[in-house]
Amino acid sequence: MSLHPTLRSAAAAGFRPRLLWDSMLAHPWCRPEGGATKPGDALLVGVTGEVGSLFRLGGPRDRTRLSLSDAVTTDAWQRAERLAQRHAGTALACGLLGSTKPPAAVFVAASGVASFTNVSGESYGAAFLLAHTSRWLDVAPPVDLVACAKIDDSGTLGVVDGLETKLQTIWDYALAVKRVVVCAEQKAAAETIAAGRFEVFAFDHVEELVPYVFESLVHQRDAHLRATPEFAATRARALEAWVANRNPQLRAWEAVAQGAEFLSTLLADRPEATSARIVGRIARRHTGTGAALLDWPEDDELPARTELRHRYLAQVVQSSADSGEPEVARRDAAKARALIPSRESRNSAHLVLAGAVGRALAATGPDMHEQALSWMLDVVDDWFAIGERSESSYAVCEALRLASLSGDAPALARLGPALDFWRDAPELDERLEVPSLWVDLERVRSELLLGRPQSALGAVRILRKQMSQANQHLPFAIVRLEAIALDRLGKHEEGEKVRAAMAEDPNQATAEWLFELDRHVRDGVETLPADPPATNEVTRCLKLFGAQGARRVQREYRY
């Protein structure tokens, strides 16, 4: 391999060879012996026409930045992030999580005229996935590997254009790269082009790709944690701080749960073990797999940090609200209220617990809805009063639901400023996209509860275009509300077509039962569908509302 012809080509194009050489060697992939990568690093291989270029995802200290500016590339970045959160959870996430903002892409080298001003296209999907997974696991990616494949929403790897130019660019410039990952469909072509110069590995799905790239690195990291308890304790404290402060970037709850559980066992004889255990329980409830009833803890079972203590107690109260046992919800709500100071003294930890109290009050029955609504309206106002509007989404959703159930016009008017904020929130901070989608979903439900199905239908179709896979409930809830709106407008056939779109839903038993429930309401049948599935959601729903019939269940079922 020789760099001289390409350096001469670059010189002819106006580049200074020494500067180009220095730029290349500043990045680990371009050194013959390799170099140290960092968590979140990724090598991107781009092609324009017949010109190939290498980029890397840059950090805050990089001087020369090129943006991931177009919608297609941003979509690929966000899709990779969702898939990384899902599949990084098979390993242990014990460290700080990185930024969710698209990073800069820093120019490394070109095999000809470098005309790029941004990194564009879907072909970086697999590279983006490895960068995100590296961040979630806090493990540096291998320097000898580069990925060239698209990824769709299901996690299937796909074909990229310009494969020959990309592989030649890797051979010319990425001197440390010995392995190239492609989709299974392009394996034969890649092996022919590579001609033995580097190994080609092909995968059908990210479930195969992630363990291949990271499994051994994660084991090395975990061995280091076991060998250095002080370092492990530092990681436990860092993870505690992120959960206690509810950093808006924190979405990889499955990975957090597994990491916290690992640390709580590893640090069994240290005070950090209690916090790690609490973090694990909070994360489990966020994943939905551990949403069981939590007992009210003794004082010595709680962590020292006030913020984490209140957030955990909020999960306990929330579990009581979801239990379907009104007396349990009432009891724990009363215990929590005794810990919350007067409104002028509340901070964010108090308001997290206060929001759970409002949900619990609402879960005790219709006779408490008025009190719960008043309480939740205060919580919404207090989030805005302390300048933490981005934390208000749960309270806004519950207040809007309660106000719409009762048709309380003054309460709906009082929520106006908060709803205006959440309408514009993603433009202010893209990390608020997911909570804003939940608020948008509640707006649709509000329109239905207030008897405005045409408005609901228009809103839900806009929302459906923004459908996120960050939470398993959201896509189903959007489709279900769209079908209900169509039923209310007498468009039953259209409604059934919309329901059919969820045929591949992994929670099919729950979906089918709820769809049948909606058909009962549509047809004026007050009895509930037979043979309800024994899933957590349906069981809890029936305990709360079952005796009241189909219409009551449809009105108050939150998802």
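Further up the page is the structure itself.
Procedures and definitions
- Position numbers for residues start from 1 in each chain and track the written sequence from start to end.
- Per-residue local features of the predicted model are confined to residues with pLDDT of at least 70, and side-chain atom pairs are confined, for both listing and counting, to 80 or more; whole-chain, interface and lining totals are unaffected and use all residues.
- Derived side-chain values reflect all non-hydrogen atoms in the structure, with water molecules and hydrogen atoms excluded from consideration.
- Should DSSP find at least two bridges between two strands, the strands are taken to pair.
- The helix and strand labels rest on DSSP assignments: H or I over at least four residues marks a helix, E over at least two residues marks a strand, and numbering proceeds from the N terminus.
- For helices, the axis comes from a line fit to the C-alpha atoms of the stretch in contact; other axes are also lines fit to C-alpha atoms, and the angle between any two N-to-C directions lies between 0 and 180 degrees.
- Here a residue-residue contact requires only that any non-hydrogen atoms of the pair lie within 4.5 Å.
- Should a side-chain nitrogen of Lys or Arg be within 4 Å of a carboxyl oxygen of Asp or Glu, the pair is scored as a salt bridge.
- In this scheme, roughly parallel covers angles under 35 degrees and roughly antiparallel covers those over 145, while 65 to 115 is roughly perpendicular and the rest are oblique.
- Crossings are classed by handedness, with left-handed meaning an anticlockwise turn of the near helix from the far one by less than a right angle and right-handed meaning a clockwise turn.
- A helix is expected to span 1.5 Å for every residue after the first.
- For this analysis, a polar contact is any N or O atom pair within 3.5 Å, provided that within protein one partner can donate a hydrogen and the other can accept it, and provided that sequence-adjacent residues contribute only side-chain to side-chain pairs.
- Definition used in this section: a nonpolar core is a set of buried Ala, Val, Leu, Ile, Met, Phe, Trp, Tyr and Cys residues joined via side-chain atoms within 4.5 Å.
- For each residue, the accessible area found with a 1.4 Å probe, counting protein chains only, is set against the maximum for its type, and the residue is called buried under 20%, exposed over 50%, and partly exposed in between.
- Consider the strands pointing away from the viewer: the crossover is right-handed when the path from the first strand over the helix to the second runs clockwise.
- Each patch is built from residues lacking any salt bridge and having more than 30% relative accessible area; the joining distance is 9 Å for like charges and 5 Å for nonpolar side chains (Val, Leu, Ile, Met, Phe, Trp, Tyr).
- Residue-level accessible areas treat just the shown protein chains as cover; the underlying method is Shrake-Rupley with a 1.4 Å probe.
- His is not counted, nor are the chain ends; Lys and Arg add positive charge and Asp and Glu add negative charge.
- By convention, charge coordinates are those of NZ in Lys, CZ in Arg, CG in Asp, or CD in Glu.
- Only Phe, Tyr and Trp rings are paired, with Trp represented by its six-membered ring, and only when their centres lie within 6.5 Å; those with planes under 30 degrees apart are stacked, over 60 edge-to-face, the remainder tilted.
- Whether a charge sits over a ring comes down to the Lys NZ or Arg CZ being within 6 Å of the ring centre and within 35 degrees of the ring normal.

Trainee: Sorry if this is basic, but what is going on with the sheet that holds strand β8 (residues 199-203) here?
Mentor: Strand pairing in a sheet takes place through backbone hydrogen bonds and is either antiparallel or parallel in direction. Judged by pairing direction, the sheet is parallel, and its three strands sit side by side in the order β4-β7-β8 without closing on themselves. Taken across any chain shown, the strands that pair with only one partner, and hence form the sheet edges, are β4 (145-147) and β8. Each neighbouring strand pair of the sheet contributes to a mean axis angle of 25 degrees, computed without reference to strand direction. Of the strand pairs in this sheet, β4 and strand β7 (residues 179-183) are connected by three bridges, and their pairing is parallel. Residue A147 lies in a different strand from β7, and its bridge partner there is V181. Of the strands in this sheet, β7 and β8 touch helix α6 (residues 187-194), which is tilted by about 170 degrees from β8.

Trainee: How should the pattern of salt bridges be read in this particular structure?
Mentor: Any two side chains of opposite charge can pair if their charged atoms end up close together. Applying the stated criterion across every chain, the model contains 33 salt bridges. For the salt bridge of D382 with R343, the shortest nitrogen-to-oxygen distance reads 2.8 Å. Placement of D382 in helix α14 (residues 369-385) and of R343 in the loop between α12 (326-337) and α13 (348-363) is noted, with a sequence separation of 39 residues between them. A salt bridge links D440 to R443; the shortest N-O distance between them is 3.2 Å. Note that D440 and R443 are positioned in helix α18 (residues 433-449) at a spacing of three residues, about one turn of the helix.

Trainee: Is there a simple way to think about the packing of α13 against α14 in this case?
Mentor: Two elements in contact, α13 and α14, have axes separated by 8 Å at closest approach and are oriented at 160 degrees. Classified by the interaxial angle, the pair formed by α13 and α14 is roughly antiparallel. Judged by the sense of rotation from one axis to the other, the crossing of α13 with α14 is left-handed. Seen from α13, the contacting residues are S348, L351, V352, A354, G355, V357, G358, R359, L361 and A362; seen from α14, they are H369, Q371, A372, W375, M376, V379, D382 and W383.

Trainee: What exactly am I supposed to notice about α13 here?
Mentor: Turn by turn, an α-helix covers 3.6 residues, leaving residues three or four places apart pointing in a common direction. With 16 residues, α13 should reach 22 Å at 1.5 Å per residue; the first-to-last C-alpha distance of 23 Å fits that figure. For α13, the capping residue at the N-terminal end is N347, with a side-chain oxygen 3.1 Å from the backbone nitrogen of A349. Within two residues after α13, G365 carries a phi angle of roughly 135 degrees, on the positive side.

Trainee: I tried to follow the nonpolar core on my own but got confused; where do I start?
Mentor: Side chains that are nonpolar tend, in soluble globular proteins, to be buried together. Among the nonpolar cores identified, the biggest contains 93 residues, and W375 and L441 are the most heavily contacted of them. Once you skip the residues sitting within four places of it in the chain, W375 turns out to touch R337, I340, R346, A354, V357, G358 and L361. Counting 36 residues, the second largest nonpolar core, distinct from the first, contains W77, A80, A105 and Y124.

Trainee: What's the story with unusual backbone geometry in this structure? I'm lost.
Mentor: Trans peptide bonds make up the majority, and among non-glycine residues the majority have a negative phi. Unusually for a residue other than glycine, A195 sits at a positive phi of about 50 degrees. Mapping A195 onto the fold places it in the loop between α6 and β8. Located in the positive-phi region is D531, a residue other than glycine, with phi close to 55 degrees. Under the relative-accessibility criterion, D531 is labelled exposed at 71%.

Trainee: In this structure, what is going on with the pairing of β7? I would like to understand it.
Mentor: Remember that side chains alternate between the two faces of the sheet whenever the strand is regular. The element β7 is largely enclosed, with a buried count of five among its five residues. Going residue by residue along β7, you find R179, V181 and C183 tucked away on one face and V180 and V182 tucked away on the opposite face as well. When β7 meets β8, the two strands line up parallel, connected through five bridges. Note on β8: the bridge partner recorded for V182 is A202. Once you follow β7 into α6 and on to β8, the crossover reads as right-handed.

Trainee: Any chance you could explain a negative patch on the surface here in plain terms?
Mentor: On the surface, a cluster of negative charge is made up of D295, E298, D299, D300 and E301. Positionally, D295 belongs in the loop between α10 (272-287) and α11 (306-322).

Trainee: How do you make sense of the packing of aromatic side chains when you look at a structure like this?
Mentor: The relative placement of two aromatic rings is captured by the distance of their centres and the angle of their planes. According to the stated counting rule, one finds eight aromatic pairs in the structure shown. Here F203 and Y212 contribute two aromatic rings whose centre-to-centre distance is 5.3 Å and whose plane-to-plane angle is 40 degrees, an arrangement assigned as tilted. With a relative accessible area of 11%, F203 lands in the buried category. Summarising the aromatic geometry, the rings of F384 and F421 are spaced 5.8 Å apart at their centres and angled 85 degrees between planes, so their arrangement reads as edge-to-face. Here F421 lies in helix α17 (residues 416-428) and F384 lies in helix α14, a separation of 37 residues in the sequence. Among the aromatic side chains, those forming a connected cluster through ring pairs are W77, Y124 and F128. For the cation-ring pair, R346 lies above W375, with the distance from its terminal atom to the ring centre recorded as 5.2 Å.

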